[in-house]
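Chains, contacts and geometry: an overview
These are the residues of each chain, in order.
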Amino acid sequence: MISMIQDGVQFVKKNDLPTIWAAFVSHDAHPLLQFVKYGVCGVMAVVVHNAIFYALAYTRFPAIEGMTIGDQPLSDGLRARNVVICNSVGFAFANVVAYLTNVLWVFRSGRHHRVLEFVLFTLVALIGFVAGLAGGPLLIKLFGISTHIAQFLFVFTSVVVNYLSRKFLIFKR
């Protein structure tokens, strides 16, 4: 791992900006550059996911601690349920963004037929989604943790599961 990072740093030091950019946008990028690109795609998907999550959490499905419904404070149980709903809607849109950006910019298709590739991509995302989502609402119900902390834990868990699974199970390396 350290050697891979050193190789990536040496590549950047030895080459000019157009060469680095050409390598960066190529599907054959150095693994370090590929991981950075994967991260950028992930950030785009997380932004889409969380924009939808928070738009719904503040409007249609109240999910932020301290909110009220009428005169009644939002219970942790209802807040946890609404976190699941808001995340589920956000997931659908973010998954499409993640797939398209990964195929266009990071990984090379071809290990599987496109439809199967998308289904596998989505199944992997669902595993990460369920793993991340299981903790947040459960911690909200049991300990009343902040929705924002639950959302951070959700994103972190999803990223780790998704990258490893996509890298080794879905796309060609």
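Located above this text is the structure these notes cover.
As the structure is a computational prediction, the values presented were derived from the model and not from experiment.

A separate point is the overall build of the protein chain. When you go through the protein chain residue by residue, the secondary structure sums to six helices and two strands. Dimensions along the principal axes, computed over C-alpha positions, put the protein chain at roughly 65 × 35 × 25 Å. Counting the 173 residues in the protein chain, one finds 37% classified as buried. Counting only contacts in the protein chain whose residues sit at least 6 apart along the sequence, the fraction spanning at least 24 positions is 70%. When the accessible area of the protein chain is evaluated, it comes to approximately 9700 Å², of which 73% is carbon and sulfur surface. Averaged over its 14 positive side-chain charges, the protein chain has a centre that lies 9 Å from the centre of its 7 negative ones.

One can find R79 in helix α4 (residues 76-105). At a separation of 2.8 Å, a polar atom in the side chain of R79 contacts the side chain of T147. Not counting residues within four places of it along the chain, the set of residues in contact with R79 comprises P62, A63, I64, E65, L74, I140, G144, I145, S146 and T147.

Before going further, it helps to examine the nonpolar core. Ranked by internal contacts, the top residues of the largest apolar core, which has 16 residues, are F53, A57, V83, C86, F129, L133 and I140. Mapped onto this core, the elements with two or more residues apiece are α3 (31-58), α4, α5 (114-143) and α6 (147-170). Membership of the second largest hydrophobic core comes to ten residues, among which are A29, Y38, C41 and V106.

A word on the side chain of T147. Take T147: it is sitting in helix α6. Among residues more than four places away in sequence, those in contact with T147 are F53, A63, I64, E65, R79, V83 and I140.

Below, the discussion takes up a nonpolar patch on the surface. On the surface, a nonpolar cluster with roughly 780 Å² of combined accessible area is contributed by I149, F152, L153, F156, V160, L164, F168 and L169. With respect to the helices and strands, F168 occurs in helix α6. According to the relative accessible area criterion, F168 is partly exposed, its value standing at 42%.

With that settled, consider the packing of aromatic side chains. Evaluation of the coordinates by the stated rule reveals six aromatic pairs. Measuring from centroid to centroid gives 5.1 Å for Y99 and F118, while their planes differ by 80°, and the two rings are edge-to-face. Taken together, the residues Y99 in helix α4 and F118 in helix α5 connect sequence positions 19 residues apart. For F118, a relative accessible area of 30% translates into the label partly exposed. Cluster of aromatic residues (ring-pair linked, three or more members): F53, Y54 and Y58.

Criteria and thresholds
Residues numbered from 1 in each chain as written. Predicted model: local features only at pLDDT ≥ 70, side-chain atom pairs only at ≥ 80, totals over all residues. Heavy atoms only, no water. Helix = DSSP H or I, 4+ residues; strand = E, 2+ residues; numbered from the N terminus. Buried < 20%, exposed > 50% of the residue type's maximum accessible area, 1.4 Å probe, protein only. Contact = heavy atoms within 4.5 Å. Areas by Shrake-Rupley, 256 points an atom, 1.4 Å probe, with all protein chains shown as cover. Lys, Arg positive; Asp, Glu negative; His and termini not counted. Charge placed at Lys NZ, Arg CZ, Asp CG, Glu CD. Polar contact = N/O pair within 3.5 Å; in protein donor to acceptor, adjacent residues only side chain to side chain. Core = buried A, V, L, I, M, F, W, Y, C linked by side-chain atoms within 4.5 Å. Patch = residues over 30% accessible without salt bridge, like charges linked within 9 Å, V, L, I, M, F, W, Y side chains within 5 Å. Salt bridge = Lys/Arg side-chain N within 4 Å of Asp/Glu carboxyl O. Phe/Tyr/Trp six-rings, centres within 6.5 Å; stacked < 30°, edge-to-face > 60°.

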